[in-house]
Amino acid sequence: MVLNAALLDLPALPALEQEWQHRVRTDPQLLFDIHHAVGGPFHVVYPEQFARNLRSFQKTLAGHGVRGQVYYGKKANKAGCWLPTIADLDGAVDVASEPELVHALAHGIRGRDIGVTGAAKTDALLRLAARHDCVVAIDALDELARVAEIARTAGPVRILLRRLPPNAPHSRFGLSATDLETAITLCAQWRPQLELIGFSFHLDGYAVAPRAELAYDLIQLCAKTKAQGLPITALSIGGGFACRYVGDDDWQAFLAHRRDDWFHAGKRFEKFYPYAQEPTGADMLDAILTMGFDGRTLASHLRDNDIQLFIEPGRALLIDAGFTVFPVLGFKQNADYGITTVHGLSMSVSEQWKGSEFLLDPILVPRRTDPAAQPIASCVGGASCMEYDVLTWRKVPLPQRPAHGDLLLYPNTAGYQMDKNESEFHQLPLPPKVVVTHQEGRFLWRLDR
């Protein structure tokens, strides 16, 4: 999809859009009413889509006859609205801090359905996890010793030992092969305060084969460890389930023809998130479970060894479940393209603060549509006094010139984009999260709690 030469042959990267989002953004008043109430930028979130995504992972596990649990990677979005949905669907939550754990408990998640991961954990977090029967992923030998000591008074702790991936020896997460062997020996000595229920790992990237191969290797370790009398029942393969944001043709055209002059000030980026990829979400889980080893699928090896599979998706549970809206403050023409300035900061689109760009086309929601309007090209800047406060460096095609009072919608931002790097710079409040629900033929909204 390419516009004419007057717009420098700029490519478009329109987001794939769910029906709920289209209906909300095309409602003649809803977004403007929300803006009137909150007075600035805001995030819109839709728990029903989150529920669909969660059910798709659960159905895939069930379809393979594999017992397991889907842990929502809570760091991907701080909203509370996802948590009652998880509780209702017998899901679980992955946390890495005391506030995250308390937040999950306060919204109805049982302690036994909470996993505690991350780097070295505070004693307070470990004690809270022990008191509530959470599963704790142990990352180092000294952490193992600390949790064993805490368990003497706080009660027995269920643990997973996190494996350092062999193909990522420089990662700061996980136990080396030598430390893993030592940890297993210590777990046997420190029973009953420590209950080793299995192993875990997390891999960067979105490839199927490395996850399936390491899972298969750890199934063998599970069987060996279980034979030593330890109560091994589970294996966690972490998160990193791929997501799709745009169509293949649009994405391939962008990659094949990308030029520096598509970006404001000739901005260059070393890498982008892979916005079009396969398989994604629950289909990626299906591909992992169907990989063959010794003539059988990974799923059959899990079943035969009576091992539950834990997964920790974050972005993949949030895909298509939210978007972000910035009020337009003004527009000015700059040579052959324009600069749109919005009320808000680029810290609210987190990809910009990871040395990359959130590439989906923002969608202009004009207060008034101009029937004689001509398309224009524009980058998008934030309201701060910093030159690098840019939400969209790419010169994107817009159907008409933005004007004060219009809204600019960034699609599909629920996964990591909304609040990973938000800041109250200039004393601007963080954009609130607005929960929309569909009832009796119309959308209702409320602020997230």
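Values in this document were obtained by computation on a predicted structure and should not be read as measured data.

Enquirer: I tried to follow the domain arrangement of the protein chain on my own but got confused; where do I start?
Expert: A common way to state how big an interface is: give the accessible area lost once the parts meet. When the domains of the protein chain are assigned, the result is domain 1 (19–45 + 321–447) and domain 2 (47–242 + 277–317). The centre of domain 1, based on its C-alpha atoms, is set 35 Å off from the matching centre of domain 2. Tallying the contact residues gives 12 residues for domain 1 and 11 residues for domain 2. Of the roughly 1100 Å² buried where domain 1 meets domain 2, counting both sides, 60% is carbon and sulfur surface. Ranking the residues of domain 1 by area buried against domain 2 places Ala321, Tyr416 and Asp419 at the top, with a combined share of 47%. Put simply, domain 1 and domain 2 have 0 salt bridges between them. Inspection of the region where domain 1 meets domain 2 yields 3 residue pairs in polar contact (both at pLDDT 80 or more). Tallying contributions element by element places strand E18 (residues 433–439) first for the side of domain 1 that touches domain 2, with 3 residues.

Enquirer: Which parts of the structure should I look at to understand the packing of helix H5 (residues 98–106) against helix H6 (residues 123–131)?
Expert: When two helices pack together, their arrangement is captured by the angle between the axes and the distance separating the axes. Look at H5 against H6: their axes get within 9 Å of each other, and the N-to-C directions meet at 25 degrees. Compared by their axis directions, H5 and H6 come out roughly parallel. Judged by residue contacts, Glu98, Leu101 and Val102 of H5 engage Ala124, Leu125, Leu128 and Ala129 from H6. Partitioning the contact of H5 with H6 into residue classes produces 6 nonpolar, no polar and 1 charged.

Enquirer: Help me out: how do you make sense of empty space enclosed by the protein in this one?
Expert: Space left empty within the atom packing is revealed by a probe, the size of a water molecule, rolled over the atoms. This model, assessed by the stated rule, comprises 1 cavity of 30 Å³ or more. When its volume is computed, the largest cavity comes out at roughly 70 Å³. Around the largest cavity sit Tyr71, Asp94, Gly115, Val116, Thr117, Val135, Val136, Ala137, Leu160, Ser236, Phe310 and Glu312, which together line it. Among the elements of the structure, strand E4 (114–116) and strand E5 (135–138) are those that each provide at least two residues to the lining of the largest cavity. Taken together, the residues of the lining of the largest cavity break down into 7 nonpolar, 3 polar and 2 charged.

Enquirer: How do you make sense of H6 when you look at a structure like this?
Expert: An α-helical turn contains 3.6 residues, so a residue and the one three or four places further along point in the same direction. Those residues of H6 that fall on the buried side of the exposure criterion are Leu125, Leu126, Ala129 and Ala130. All buried residues of H6 project into a common sector of 135 degrees when viewed along the axis, lining one side.

Enquirer: Is there a simple way to think about the environment of leucine 444 in this case?
Expert: Inspection of the secondary structure puts leucine 444 in strand E19 (residues 442–447). Take leucine 444: its relative accessible area is 28%, and that puts it in the partly exposed class. Spatially, the C-alpha atoms of leucine 444 and alanine 137 are 39 Å apart, while their sequence positions differ by 307 residues. Apart from residues no more than four positions distant in its own chain, leucine 444 is found in contact with Val435, Val436, Thr437 and Gln439.

Enquirer: Please explain the layout of surface pockets as it appears in this structure.
Expert: Considered as a void within the structure, the largest pocket measures approximately 1400 Å³ in volume. Surrounding the largest pocket, 49 residues form its lining, Lys75, His202, Leu203, Asp204 and Tyr416 being those nearest its centre. Among the elements of the structure, strand E3 (92–95), helix H9 (208–226) and helix H13 (315–318) are those that each provide at least two residues to the lining of the largest pocket. Within the lining of the largest pocket, the residues separate by chemical class into 19 nonpolar, 14 polar and 16 charged. Mapping the lining of the largest pocket onto the domain boundaries places at least three of its residues in each of domain 1 (19–45 + 321–447) and domain 2 (47–242 + 277–317).

Rules behind the numbers
- Residues numbered from 1 in each chain as written.
- Predicted model: local features only at pLDDT ≥ 70, side-chain atom pairs only at ≥ 80, totals over all residues.
- Heavy atoms only, no water.
- Domains from an automatic or database assignment.
- Contact = heavy atoms within 4.5 Å.
- Buried area = accessible area lost by both parts, 1.4 Å probe.
- Salt bridge = Lys/Arg side-chain N within 4 Å of Asp/Glu carboxyl O.
- Polar contact = N/O pair within 3.5 Å; in protein donor to acceptor, adjacent residues only side chain to side chain.
- Helix = DSSP H or I, 4+ residues; strand = E, 2+ residues; numbered from the N terminus.
- Axes fitted to C-alpha atoms, helices over the stretch in contact; angles between N-to-C directions.
- Parallel < 35°, antiparallel > 145°, perpendicular 65-115°, else oblique.
- Nonpolar A, V, L, I, M, F, W, Y, C, P; charged D, E, K, R; others polar.
- 1 Å grid on protein atoms, 1.4 Å probe; cavity = no way out; pocket = protein on both sides within 12 Å on 5 of 7 lines; lining within 4 Å.
- Points joined across faces, edges and corners; volume = space filled by probe spheres on them.
- Buried < 20%, exposed > 50% of the residue type's maximum accessible area, 1.4 Å probe, protein only.
- Arc of directions from axis to C-beta.

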